[in-house]
Amino acid sequence: MLTEVHEHDGYPVNWPDLPGAWLTPPSHIASWVAELDGRVAGHIGLARSDVEDAAPGLWSARAGVSIDATAVVNRLFVAPWARGHGIGVLLMAQAVAEARDRGLHPVLDVVASDTAAAAWYERLGWQLLATVEQQWSAEQKVAVRCYAAAT
């Protein structure tokens, strides 16, 4: 399904060498999948802040708390054939609930050029913290929009 999403939407921007490992990074806390008609239709992850994540630092500075008080919502995607059924909303609700159950504030970032995703997060009530540039490699600098879940 990740291959299908990548071919349809360009997500992830850079195809991982090991997609399974990409889905569960070392900072991984938990992940969930959604099924529709017996097929995996969506995925979301929750992780601790990693050095390349900008949103946790922005939120912690704004809230006056440790960066360890955040959880990063990541690896969210829904199969193109399964869209329009509220799967993304259900997955997001699960990840946010888990973060809050752990006493953590959910944050995320999205590539700034993905305006559809950014608009979706904003419709869900996520607050834009800032747009920052990240150096993903020696040749690739990417603008990302950093969000925090509503308080």
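Notes on the structure in this doc start here. Every value quoted in this text rests on a predicted model; they were computed, and no experiment measured them.

Analysis parameters
Residues numbered from 1 in each chain as written. Predicted model: local features only at pLDDT ≥ 70, side-chain atom pairs only at ≥ 80, totals over all residues. Heavy atoms only, no water. 1 Å grid on protein atoms, 1.4 Å probe; cavity = no way out; pocket = protein on both sides within 12 Å on 5 of 7 lines; lining within 4 Å. Points joined across faces, edges and corners; volume = space filled by probe spheres on them. Helix = DSSP H or I, 4+ residues; strand = E, 2+ residues; numbered from the N terminus. Nonpolar A, V, L, I, M, F, W, Y, C, P; charged D, E, K, R; others polar. Core = buried A, V, L, I, M, F, W, Y, C linked by side-chain atoms within 4.5 Å. Buried < 20%, exposed > 50% of the residue type's maximum accessible area, 1.4 Å probe, protein only. Contact = heavy atoms within 4.5 Å. Pairing = 2+ DSSP bridges. Axes fitted to C-alpha atoms, helices over the stretch in contact; angles between N-to-C directions. Phe/Tyr/Trp six-rings, centres within 6.5 Å; stacked < 30°, edge-to-face > 60°. Lys NZ or Arg CZ within 6 Å of the ring centre and 35° of its normal.

A closer look at the layout of surface pockets
Of the voids in this model, the largest pocket is the one considered here, and its volume is about 1,500 Å³. Lining of the largest pocket is provided by 47 residues; of these, Y11, W22, R75, L76 and D109 occupy positions nearest its centre. Those elements giving two or more residues to the lining of the largest pocket turn out to be helix 1 (2-9), helix 2 (19-23), strand 3 (70-78), helix 4 (87-101), strand 4 (105-111), helix 5 (115-123), strand 5 (127-137) and strand 6 (140-148). Broken down by element, the lining of the largest pocket gets its largest block of residues, seven residues, from strand 3. The residue inventory of the lining of the largest pocket, partitioned by class, reads 26 nonpolar, twelve polar and nine charged.

Considering the nonpolar core
Ranked by internal contacts, the top residues of the largest apolar core, which has 29 residues, are I44, V73, I87, M92, Y121 and W126. Every element with two or more residues in this core is listed here: strand 1 (28-36), strand 2 (39-47), strand 3, helix 4, strand 4 and helix 5. No other element matches helix 4, which puts six residues into this core. Those residues within four positions of M92 in sequence are excluded, and the remaining contacts are I44, V73, L76, L108, W120, Y121, L124 and W126. Formed by eleven residues, the second largest nonpolar core is a distinct cluster that contains A55, V72, V107 and A148.

Comments concerning the sheet that holds strand 6
Overall, mixed pairing links the six strands, which are arranged 1-2-3-4-6-5 in an open sheet. With partners counted over all chains shown, the strands left at the sheet margins are strand 1 and strand 5, one partner each. For this sheet, the mean angle separating the axes of adjacent strands, direction not counted, is 30 degrees. Running at roughly 140 degrees to strand 5, helix 3 (residues 55-63) makes contact with strand 3, strand 4, strand 5 and strand 6 of the sheet.

Some words on the packing of aromatic side chains
Any aromatic ring pair is given by two values, namely how distant the centres are and how the planes are angled relative to each other. Inspection of every chain in the model, using the stated rule, returns five aromatic pairs. A centroid spacing of 6.0 Å and a plane angle of 50 degrees characterise the contact between Y121 and Y147, whose relative ring orientation is tilted. Taken together, the positions of Y121 in helix 5 and Y147 in strand 6 put the pair 26 residues apart, joining distant regions of the chain. Given the relative accessible area of 0%, Y147 is considered buried. Above the ring of W22, the side-chain terminus of R75 is found at 4.2 Å from the ring centroid.

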